Amino acid sequence: MDGKHQTLTPQKRSHEDVTYSRRVYRLKILLPDGTTRLLKIPQTTDFITVKDLAGRVREEHERRDSNLKKRVNWNAQLCFVDDSDYVFRKSLKLTNLELNKVYNLRLDDGSLPAKIYENMWDLTPDTELLMELPEEYTFETALADLIDNSLQAVWSNGENEKRLISVEVADDKISIVDTGPGMDSMSIEKWGKMGASLHRASKIQAVGGKPPYLKPAFGMFGYGGFVASMHLGRHTEVSSKTKNCKKVYILRLERDALVGGSGSKRTWRTYGSLRDPMEDELELSPGGSFTKVDIFEPKMRSIDIRRLQCKLKDIYFPYIQCDELSNKGRTTMPIEFQVNGDDLAEIPGGEVAITNLNSCNSPEFVLQLRFHLNHKNATMTSNEANARLRCVYLPVKEGKESIQSILETLKEDGYEHTEEYESFSHVSCRRLGRLLPDARWAWLPFMDFRQNKGDRSQVLKRSCMRVKCFIETDAGFNPTSSKTNFAHQNPYTNALRNLGSRDSLEKETGNCVHIEIRRDGKPLTLSQLNKQYQQWLLDMHDKYDKEADCGTDEPVYIVNPIKTKELHTSRNVVRVHKALRWKGKSWKSGQRIKILKGACAGFHKTNVYATMEYILLEGFQGDAGGEAWIICRSIDTLEEDGCLLETIKGNPILDLRKSVSIHINAIDSGKCLAVDDAEWNQQLQKQHQKSPSSIEILTRRQCRELGIEVSLPDEREVCAGHVSPCEIVAVVRPATFNSGTASKHLDQKYVMKDKFEMSLAIAYSGNEKLQDESNIYSALVTPSSRRDVHGLYVFQPNCKSHPLFHKAGIYTFSLSIRNPSCQKCVVKVQVKASREAHRWAPSKEIPYHLLTVGRYCEPISVVKFDKYDNQIPFLEVSEVEVKVNCTEGTRVQVLKYNPSTSSDKSALILKDLLIKSSTLDNIRPSYDATLMLSLPDGSHLLDILVKVVPGPVKHVTVRPEICEKQLIPGHVIKELILELFDAHRNHLQEKQKVLLGVDGCCFPDGSYCLQKKVDARGCIDLGGLLRVTAGYGRKVFLSVSSDGGVIHKEWQIEKRQLRTTSVIPESCFAGSKLENLEFEVVNPKGEVDVNFHDEDKIGQSHTLVITSQFIEIDESVKYVFRDGRCIVRAVPIPSEEGDFSFVVSHSRHVELQLTIKVKIFPQNIYVYVEIHPEMKPFNIIHELPPEMTPLNIKHLSTDENMALVDSNAPMDAQTDYRSVQCHTPETKLSPIQDVYYDFQSDLRSCLNFEKDLMNEICDLGLRIGQHEDKIKQLECQKSAIDSELLELEVIRYQTYSTERNGIKYGSPGKMEIKAQVELKTDSAASVVMELLREESSQSFKRIIGVVALLGTTPTLELSRIFAEYLGDQMLAVVCKNYKDVRFLETYKKNGRLDHNRALHMLAAGLGKSVIGRYHLLCIEDISACKVDKDLEGKLMLPNPSLPDGATPAGFVGYAVNMIDIDVDHLDTRTDSGSYLRETLFYRLFGETQVYKTRQDMKNAISCIKDGAVSLDGGIFRGNGAMSLGFWEPDIVFPVAAVGGGRNEEHVKQRYTEMKLKLEETMKELLKEKKCHQSAMKKFKKRRDAYAKYFTQKQPTTTSTSEKYGSYSPAYSWR
């Protein structure tokens, strides 16, 4: 076979392996004589033949001495066989192998292979580890180390693969078999090599996860399997097979041989072999892989198998049976664990099983802990560790403790437990599910309540003894080398053992371990942990503990007792007894007792004598968890103040009053004793003598008698700087002291000598309400003596951080002793500021004040302080002088100021400060100055940094001055600079925003408003920015406004006039033409403007257009101007009779136009006839209407010389180009006589019809004139409204700019959003916005706009979060109804979109396109919200409510009400009267709620319907959907300030009124235009009828010729 198919199996090396200095191919050759040879082939070799490889092996083999009997047949046909029995006969391709990996090859010379190979495995340890065997190793722990390896192996099997660990223990052999994946040659070598762990890297993966952390990555030190096997027996044989290998590798360890070969210069090599798997091995492992460890000649014999099974079951209990791996809560058996054929899951016994059996099946107290180190110590150990604590309650049952029952059962089962009930280990630990037998602790700090004091302390003391805590940890915790305990110096171990101590969470431990505590997924603080654990103990006690009753009389049942805290009970029912049998003794009501100190809480210092009143037992008789309490009255409490048991309305009531309740445990401890009468009476006498009454501070005179010079002042009001008391002396007065006897004040008889501990607390407050009171000094002293006076309590207050009586305020001195009969002494001393001012200062610390020239400045407030920094009030207005100091050359004059005091007299306020200066240009651009305050005598008080800035714009200088000749319609003003000054001729401040408004011209973007900043020269350069849009003779307006100042400029555009030089006839015949008409443009002087010269190449288009409503004229035909003149060759005259007019206008400058009117007469047709002398000539009459008898003759002229005209005759070519002439041929007519007499009667009817028709035409003409006058009036009114709206727009923009100064920087306005939308060149919104701005189509007036520009928000935060919530709906187009869709899209017959029409066609014309889909919202088809609205038009939606009825915390409002409708659309509504808020924005937002924070929104999730957003970026869309991540929208709602001044409201109201008026005017104008069009149609119809019936036509000539003879045409009009 060739070497193309390489299947060599590499010996795996973990990442801990030592890397080689050279990169070579490594081949381990197994020879037939039982020896092994390792060959290293350089990396440069790609192929090697079998012959060359055999030669190298032979050289290496012969180089070493071999004493084996069997020899290798080197002359045979050699080949090599790999682990998969693949045979290499020709060559090996080394490039398929990994460098520095060891591959096994068996040399085949035709003989049988060796059974055992010498030095097959190299077990040389990395260090001297053999002598470091764990001293605490026992048989069980050593066996567990081997089982750990098997457990980790089988745990890696799949779900459908068998997981079995079988242990067989006998006197001659111990076998451990697992069905794991097995080991290859490299892995089995590592198994026997100390320090070469196979699983050390798995530890990192075993950190974290879910409890109980069943991730058996136990490998830590790399000698578990080796050391354990050597500890258990004399020699070991390890057999292992993998799925992909057909052979079983065998490793043999001999303890004596290995120990004898140890040493730093020796190597460990041991025997190995290969064999085929046996049938029982394959039957045991259906997957084909297994590992078996056989230990021969065990050290221990006669092992108690039952005891071993129980111990192993305790160690691996979660792996044997577990309730937490199944999703259904069923008990599962992750591993099949057998010991001597018995399944450990089926055998009874074991400490864990017995403990579970004796627990009460109550809810466990479970904590999840996470430990992590800070960055400084992160290299000490794992960065993270996790643990779970399960506390199980073991109650008392029938008077017997469950823990005692457990200990007795374990003792019966043969466990060598030395623990008793008092020394029971309440904590046991597991690591990765494996028990650490020696990690048994008495308590964790938070579990120990044995020293607890307070309510129900006795219950807690007993209940905490009944808890067993099971701790399960992950791999973050390090074990000892024997894995029987946690590493002692491990920081996580120390942190775990100290859990619950005072500094375990608030302070860092020595290793800087931070602990996170969670219960049920919620974080806990240390105080919360203690509180919840304590409550859990009380609940367990109340539900599961069974204690015996002890009352001997009939009880009184109290339901819902009052003062349960003082009674130390939480039960709803208690029993009150007067007799008690306890511990063989009887106790009854009225018995006098002595309670020794330390008996319970409140009895620590002295013994207390009391009278027993009642015995209180909790619950009904037979209830579990009941406690017993003794109610007694101390000897110093009056009987009427003792406990009272009475019945009110049939219900017994127990009022404790001044009595106390002590636990029955005081009797058990022997600290509650009965007292006889003698001792009781003696105690009464002592009590009366020792009773203190009050505390008194000695006066200054009394202190001087004692030799104390400086003491607390007798006055209760002093000034700052008063001498602080060196000593404060107080005494305790007895009850017999009478304060009215002054001579007895220092009498020792009235000063108690008892050694009380007196405390002094000095508190300071800066105001009389004591709201900010803070303690500045506290001390505790015992009595001393001065000058033979004892019982003096002397305090020496030394307040370094807060010296007494320096700061103004109230100092409270409180003295008290720990005796309830002694009243507390409280003295207050008020310190006021000194009247001598030490310094002056501004009341607020700001960088500078802003002073504006010519304007009243903001009030400036100053305060004054004494030398102790106490603020001195201004009892009267101080006279001060104010000056403003600047650099040389700049003079600022203070014109006016008004000093006054604040309402609380704390500050001096300078109001109405007005300054003047005309030299501020000298201090540009900083405008720095100093405001100096001084007294009238010149004493300097204070310097305040100010900036003196120019006032609003009042003067504007235009450079260069614009003349009329510079203003040419359609041209851009190339050079224009505005120099801006305030009222005092100071240039405006640099970067000051100025709003420019224009009329008659526009800015490059087509707008009429522009905001510019003043440059460093105080100017604004508008060169190349203004294009003249007004026509000739019109005016151009410019308004400049800044900070309230407005300046207007206007210029006149030079006039031009269009006129004709041709002579226009007053009347023409129908069907004729006006030819060679000449027009010219002249200036006011009558001179022709030769600049009107058409030159398209340079962009000057000057052409003439003719339009008329009487005849169809091609308006696309234009006539060019040459040097100011234009000639029109011909204008056709209509063929109908009447008035004819046409308009001649400039194609670009529509104001240059001329209307020419001509009256049209009918064209009479004449025929040639012969003239008879007897016949009179007559005119041909017009054709009659169809309903009249037709006249088939012509009306002849009475003029004998009149010639008949033929309409087809040509016009004379000799025509003057400057006039229009009508030519009549002079031809003799033939007289006709008979016709005149035949038509006399018909002529009258025809004339009457003509008269009626003319009257109707005149009426229609008058009506048309009225409509035209009305249209002209309405157009003038519309122009006036447009002008006023433009002015209001400028004011609104100025107000908007002023308001936006208070808006957060970067907040977008409406202009910015419009620009952003138009930049979206591929969107429908961009196209719609540009079309709306240009008003290009009448149909687009039904388009309302884009969502982003129909509303505003008061803050940038709301704008952004609303934009994120709506997403691409921000660019939705809003229209009236669904019918308007046809203006946006049309479709072909096949249903596909037509890109050549509607919006797509218009977009192409603008150089844009519409890509993809877009949203369209039709407000007429939106169902409006039906709730009521408030005065502001906002929807009155009810606030959300939690289940308890309260409004959620942090609720701000509904999004639909937090959107302000844009001012341009306040009156946009549907036909039914619904506005945008209840239609459009309710459709977009619904009832989306707005909260302050994500946490507020999370807490209110139960009452969120349509969705919610929070101001910090949270988005909840309702129905389980949320938006996560981050997105910065570029299209947001404009940000506009809310709540402007009265002027703004007036402007907004006026703007709204004018918008409504404009809408009404437009409707009326449209109505008039329709009426005008209707009248014009009727007029044209009547005019056409007149022309038809009363203008002779050609067909009548035929009938005339038939009757009167033939004729021939002579002349006609063209």
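Every value quoted in this text rests on a predicted model; they were computed, and no experiment measured them.

Enquirer: Report on the overall build of the protein chain, specifying residues and quantitative values.
Expert: For the protein chain, the helix and strand inventory stands at 29 helices and 83 strands. In the protein chain, which comprises 1614 residues, the proportion classed as buried is 48%. As presented, the protein chain carries roughly 83,400 Å² of accessible surface, and 48% of it is formed by carbon and sulfur atoms.

Enquirer: If you had to explain a nonpolar patch on the surface to someone new, which residues and values would you point to?
Expert: Side chains of Y848, L850 and L945 sit close together on the surface and give an oily, nonpolar patch of about 310 Å² of accessible area. With respect to the secondary-structure elements, Y848 resides in the loop between β47 (839-842) and β48 (849-852). Y848 gets classed as partly exposed once you look at its relative accessible area, which sits at 40%.

Enquirer: Quick rundown of the confidence of the model for the protein chain? Include the residues and the values.
Expert: In the predicted model, the protein chain carries a mean pLDDT of 79, and 83% of its residues have values of at least 70. Here helix α29 (residues 1595-1604) stands out as the element of the protein chain with the lowest mean pLDDT, 33, in contrast to strand β80 (residues 1489-1491), whose mean of 94 is the highest. In this model, residues 505-509 is a region of pLDDT below 50 whose contacts with residues beyond four sequence positions or in other chains number six contacts. Confidence drops under pLDDT 50 across residues 1592-1614; counting only partners more than four residues distant or on other chains, this segment forms 71 contacts.

Enquirer: Can you lay out the packing of helix α10 (residues 351-358) against helix α11 (residues 402-412) for me, pointing to particular residues and giving the numbers?
Expert: Here α10 crosses α11 at 145°, and the two axes come no closer than 10 Å. Note on packing geometry: the crossing formed by α10 with α11 is right-handed. For the pair α10 and α11, the contacting residues are E351, I354, T355 and N358 in the first and S402, S405, I406, T409 and L410 in the second. Taken together, the residues of the contact of α10 with α11 sort by class into three nonpolar, five polar and one charged.

Enquirer: How would you sum up unusual backbone geometry? Please name residues and give values.
Expert: A negative phi angle is the norm for most residues apart from glycine, just as the trans form is the norm for most peptide bonds. Note that the residue after R924, namely P925, is joined by a cis bond; omega there is -5°. With respect to the helices, strands and loops of the structure, P925 is situated in the loop between β53 (908-916) and β54 (928-934). In the segment running from R959 into P960, the intervening peptide bond is cis, with an omega of -15°. Tracing the backbone through its elements, the reader meets P960 in the loop between β56 (955-959) and β57 (972-973). Phi at D1123 takes a positive value of approximately 55°, unusual for a residue other than glycine. As for its placement among the helices and strands, D1123 is situated in the loop between β70 (1119-1120) and β71 (1125-1132). On the basis of relative accessible area, D1123 is assigned to the partly exposed category, the value being 44%.

Enquirer: Describe the sheet that holds strand β62 (residues 1019-1021), listing the residues and the values that go with them.
Expert: The three strands are arranged β56-β58-β62 in an open sheet whose pairing can be described as antiparallel. A single partner strand is all that each edge strand has here, and the edge strands are β56 and β62. Across the sheet, the mean angle from the axis of one strand to that of its neighbour is 20°, orientation sign disregarded. Where β56 and strand β58 (residues 977-981) come together, five bridges link them in antiparallel fashion. The residue bridging T957 from the neighbouring strand is E979, located in β58.

Enquirer: Account for the packing of aromatic side chains, with residues named and values stated.
Expert: Using the criterion set out here, one finds 27 aromatic pairs in the structure. Centroid distance F805 to F813: 6.4 Å. Interplanar angle 65°. Geometry classified as edge-to-face. Centroid distance W840 to F874: 5.6 Å. Interplanar angle 65°. Geometry classified as edge-to-face. Highlighted residues: W840 in strand β47 and F874 in the loop between β50 (871-872) and β51 (881-885), separated in sequence by 34 residues. On the basis of relative accessibility, which here comes to 13%, the residue W840 falls in the buried class. Judged by relative accessible area, which is 1%, F874 ranks as buried. By way of ring pairs, the aromatic residues F365, Y393, F446, F449, Y533 and W536 are connected into one cluster. Directly above the ring of F874 sits K864, whose terminal nitrogen or CZ lies 4.6 Å from the centroid. If you follow K947 out to its NZ or CZ, it ends over the ring of Y848, 5.1 Å from the centre.

Enquirer: Describe the side chain of S150, and please don't skip the residues or the numbers.
Expert: As for its placement among the helices and strands, S150 is situated in helix α2 (residues 139-155). Excluding residues that lie within four positions of it along the chain, S150 makes contacts with I165, I176 and D178.

Enquirer: Can you explain α11? Please cite residues and give values.
Expert: Taken as a whole, α11 has its buried residues at S402, I403, I406, L407 and L410. For α11, the angular spread of the buried residues around the axis is 140°, confining them to a single face. Exposed and oriented more than 90 degrees from the buried face of α11 are K411 and E412. Taken together, the buried residues of α11 touch α10, β20 (396-397), β21 (400-401) and β24 (467-473). One or two steps after α11, the chain reaches G414, where phi turns positive at roughly 95°.

Enquirer: Please provide a residue-by-residue account of the pattern of salt bridges, values included.
Expert: Overall, the coordinates contain 45 salt bridges when judged by the stated rule. One salt bridge in this structure joins D148 and R434, with 2.8 Å as the shortest N-O distance. Of this pair, D148 sits in helix α2 while R434 sits in strand β23 (residues 434-441), and the two are 286 residues apart along the sequence. There is no split in this pair, since D148 and R434 are both buried. The partner of K1270 in a salt bridge is E1564, with the nearest N and O atoms 3.5 Å apart. In this pair, K1270 sits in helix α20 (residues 1240-1300) while E1564 sits in helix α28 (residues 1542-1589), placing the two residues 294 residues apart along the sequence. K1270 sits in the partly exposed class, given a relative accessible area of 25%. Salt bridges sharing common partners tie together D145, D148, R434 and K483.

Cut-off values and rules
- Residues numbered from 1 in each chain as written.
- Predicted model: local features only at pLDDT ≥ 70, side-chain atom pairs only at ≥ 80, totals over all residues.
- Heavy atoms only, no water.
- Helix = DSSP H or I, 4+ residues; strand = E, 2+ residues; numbered from the N terminus.
- Buried < 20%, exposed > 50% of the residue type's maximum accessible area, 1.4 Å probe, protein only.
- Areas by Shrake-Rupley, 256 points an atom, 1.4 Å probe, with all protein chains shown as cover.
- Patch = residues over 30% accessible without salt bridge, like charges linked within 9 Å, V, L, I, M, F, W, Y side chains within 5 Å.
- Salt bridge = Lys/Arg side-chain N within 4 Å of Asp/Glu carboxyl O.
- pLDDT = per-residue confidence, 0-100.
- Contact = heavy atoms within 4.5 Å.
- Axes fitted to C-alpha atoms, helices over the stretch in contact; angles between N-to-C directions.
- Left-handed = near helix turned anticlockwise from the far one by under 90°.
- Nonpolar A, V, L, I, M, F, W, Y, C, P; charged D, E, K, R; others polar.
- Pairing = 2+ DSSP bridges.
- Phe/Tyr/Trp six-rings, centres within 6.5 Å; stacked < 30°, edge-to-face > 60°.
- Lys NZ or Arg CZ within 6 Å of the ring centre and 35° of its normal.
- Arc of directions from axis to C-beta.

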